[in-house]
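# Examination of the molecular architecture
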Amino acid sequence: MDLSRWLLRAVDEHEAWTEQFGEPVRHSATAVDERQLEDAFQRLGKALATCYPFFHPRYAGQMIKPPHPVAVVGQLAAMLVNPNNHALDGGPATTALEEEAVGLLAGMVGFATPLGHLTGGGTMANLEALFVARESHPHLGVAASAEAHYTHTRMCHLLGMQIHQVPADEHGRMDQAALRELLATGRVGTVVATAGTTGTGAVDPIHTIVDLARDAGARVHVDAAYGGFFRLLADEPDRPLGDPDPWRAISRCDSVVVDPHKHGLQPYGCGAVLFADPEVARFYRHDSPYTYYTSGRPHLGEISLECSRPGAAAAALWLTLQVFPLTASGLGSVLAPGRRAAVRWSALLEDSPELELFQQPDLDIVTYFPATPLRTMGAVDRVAQALSDRCSVSSDPLYVSVSRASAQAFTKRPLGVAADLPEARILRSVLMKPEAEIYLGQMHSRLEEEARALRA
Ligand SMILES: *Cc1c(COP(=O)(O)O)cnc(C)c1O
């Protein structure tokens, strides 16, 4: 797709729209000195040039990739108008687009009569889900696995809720026996299950978690900020994700968070929270002299903790979902190559004399470390960091990121690595661009080569 053509089209259409309102009325106060702008723009360009090349498969580090050009065009087209999705008056068109996009996300996870909206990101979306958790079960706490995103602890603190940590098993998934014991204490109102942990992409056994939680009278929130869109692949006949049961069980949970700015091709500023029961809207009741709820139709600001929110984010997501629908052959086909690459790479790592697999990936995140004759966490920590540094400094850089794994995580896995440190760095590569599949062979040989050189 020709991005510049579509960007110009968005600008042209916006100008044509403004012309309906007569001759432009412009004040000199906002006029710009083009030379000053030229100079500042050059400095901006220089600053941006210091970024890692997130767009290229040689960047296989953190969960970052540029938005799809379709999302950029959708965002820009709406941003020129700047609707606010807080209230229908601020953004009638983009409110409808948000409702439609949120409805599609709800359909993906299997919520029949959902309530939901977009947010600034996964953290805000999870905050809303935990807020509803507190209002539903005011005197009870939250259970989340040791591998859950760190912001759950922060947000529980903010909400004045107790958070109980459930240990993770050898796959990095929530330990079910430990959860059962914790639920038996009667102190848990909501269990947070993760579909795709940030560290290793592990998918908690959501199907058994829901059963255990229901037996104990507890709710279940699914943090699928990273992994949510993999739901599209779970029922494929060739089972690219293995067991579909955890994914199917999301439809039986109380709330879900999905981040379109992670695997939904969107620019940052786009998370989503969905509730299965629309009645939770009652917890959001508020009254404000500034807001201008003029119609009987519900306004998104009435079911959101945030006030102003970009209608442009809704427009970008909506436009993207028209071109990449939420099906296995639509957006699913953008996620599938990364998953295939992760599976293929794990097999290469298991056969490699130079590198070792830390754990089998559930999604498209691969964790590994350079083989070291000294089987201690201290040795792994040193060579992992050294290999990452070595790959990134050359004129032909490869960016793999490091992550930390605890002594417990090491000793639970059959790695034969002694726990001489509380935690150690390992390598963690997120293969979230389809191009990773094409680049995998090159990346793996390069890593093997550098690991060999490191030992010499
Ligand atoms: C990224 C992530 C979050 C936080 O989302 P932000 O959009 O960065 O605020 C929460 N949970 C999981 C599992 C994540 O991967």
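Everything in this summary refers to the structure shown in the same document. All values derive from a computational prediction rather than experimental measurement.

### A closer look at the layout of surface pockets
A volume near 590 Å³ is recorded for the largest pocket. Lining the largest pocket are 26 residues; nearest its centre among them are Ala146, Glu147, Gly199, Ser403 and Arg404. For the lining of the largest pocket, the elements supplying multiple residues, two or more each, are strand S9 (355–359), strand S11 (399–406), helix H15 (407–412) and strand S12 (423–430). Considering each element in turn, the lining of the largest pocket owes the most residues, five residues, to S11. In terms of residue class, the lining of the largest pocket is made up of nine nonpolar, 10 polar and seven charged. Residues lining the lining of the largest pocket come from more than one domain, with at least three contributed by each of domain 1 (77–323) and domain 2 (332–455). The computed volume of the second largest pocket comes to approximately 470 Å³. Around the second largest pocket sit 22 residues that line it, and Glu13, Gly74, Ala77, Ala78 and Val81 are the ones nearest its centre. Listed by contribution, the elements that provide at least two residues to the lining of the second largest pocket are helix H1 (3–19), helix H3 (69–79), helix H4 (92–109) and helix H12 (311–323). Looking at which element gives the most residues to the lining of the second largest pocket, the answer is H1, with six residues. Class assignment of the residues belonging to the lining of the second largest pocket gives a composition of 14 nonpolar, five polar and three charged.

### Observations concerning empty space enclosed by the protein
By the definition in use, this model includes one cavity of 30 Å³ or more. Approximately 70 Å³ is the volume attributed to the largest cavity. Tyr59, Ala60, Val430, Leu431 and Lys433 are, among the 13 residues lining the largest cavity, the residues nearest its centre. Secondary-structure elements contributing two or more residues to the lining of the largest cavity are strand S1 (59–60) and helix H16 (436–455). When residues in the lining of the largest cavity are grouped by element, the largest group, three residues, is from H16. Taken together, the residues of the lining of the largest cavity sort by class into 10 nonpolar, two polar and one charged.

### Notes on H16
In a regular helix each residue adds 1.5 Å, so 20 residues correspond to 28 Å; H16 covers 27 Å between its end C-alpha atoms and thus fits that length. At Gln442, H16 shows its largest kink, close to 30°. Residues of H16 that are buried include every one of Ala436, Tyr439, Leu440, Met443, His444, Arg446, Leu447, Glu448, Glu450 and Ala451, and no others. Its buried side turned inward, H16 meets S1, helix H13 (332–351), S9, strand S10 (365–370), helix H14 (377–393) and S11.

### Points about the site of the ligand
Close contacts around the ligand come from 13 residues, with Thr123, Asp223, Asp259, His261 and Lys262 the closest. Asp223 places a polar side-chain atom, nitrogen or oxygen, 2.7 Å from a nitrogen atom of the ligand. One nitrogen or oxygen atom from the side chain of Asp259 is found 2.7 Å from an oxygen atom belonging to the ligand. Protein burial of the ligand: of its 380 Å² of free accessible surface, 86% is covered by the chains. Elements with a minimum of two residues in the shell around the ligand: helix H5 (122–136) and helix H11 (260–263). The biggest single contributor to the shell around the ligand is H5, with three residues. Here the residues of the shell around the ligand sort into two nonpolar, eight polar and three charged.

Quick notes on the rules
Residues numbered from 1 in each chain as written. Predicted model: local features only at pLDDT ≥ 70, side-chain atom pairs only at ≥ 80, totals over all residues. Heavy atoms only, no water. 1 Å grid on protein atoms, 1.4 Å probe; cavity = no way out; pocket = protein on both sides within 12 Å on 5 of 7 lines; lining within 4 Å. Points joined across faces, edges and corners; volume = space filled by probe spheres on them. Helix = DSSP H or I, 4+ residues; strand = E, 2+ residues; numbered from the N terminus. Nonpolar A, V, L, I, M, F, W, Y, C, P; charged D, E, K, R; others polar. Domains from an automatic or database assignment. Expected span 1.5 Å × (residues − 1). Bend = angle between axes of the 7 residues up to and from the residue. Buried < 20%, exposed > 50% of the residue type's maximum accessible area, 1.4 Å probe, protein only. Contact = heavy atoms within 4.5 Å. Near = heavy atom within 4 Å. Polar contact = N/O pair within 3.5 Å; in protein donor to acceptor, adjacent residues only side chain to side chain. Areas by Shrake-Rupley, 256 points an atom, 1.4 Å probe, with all protein chains shown as cover.

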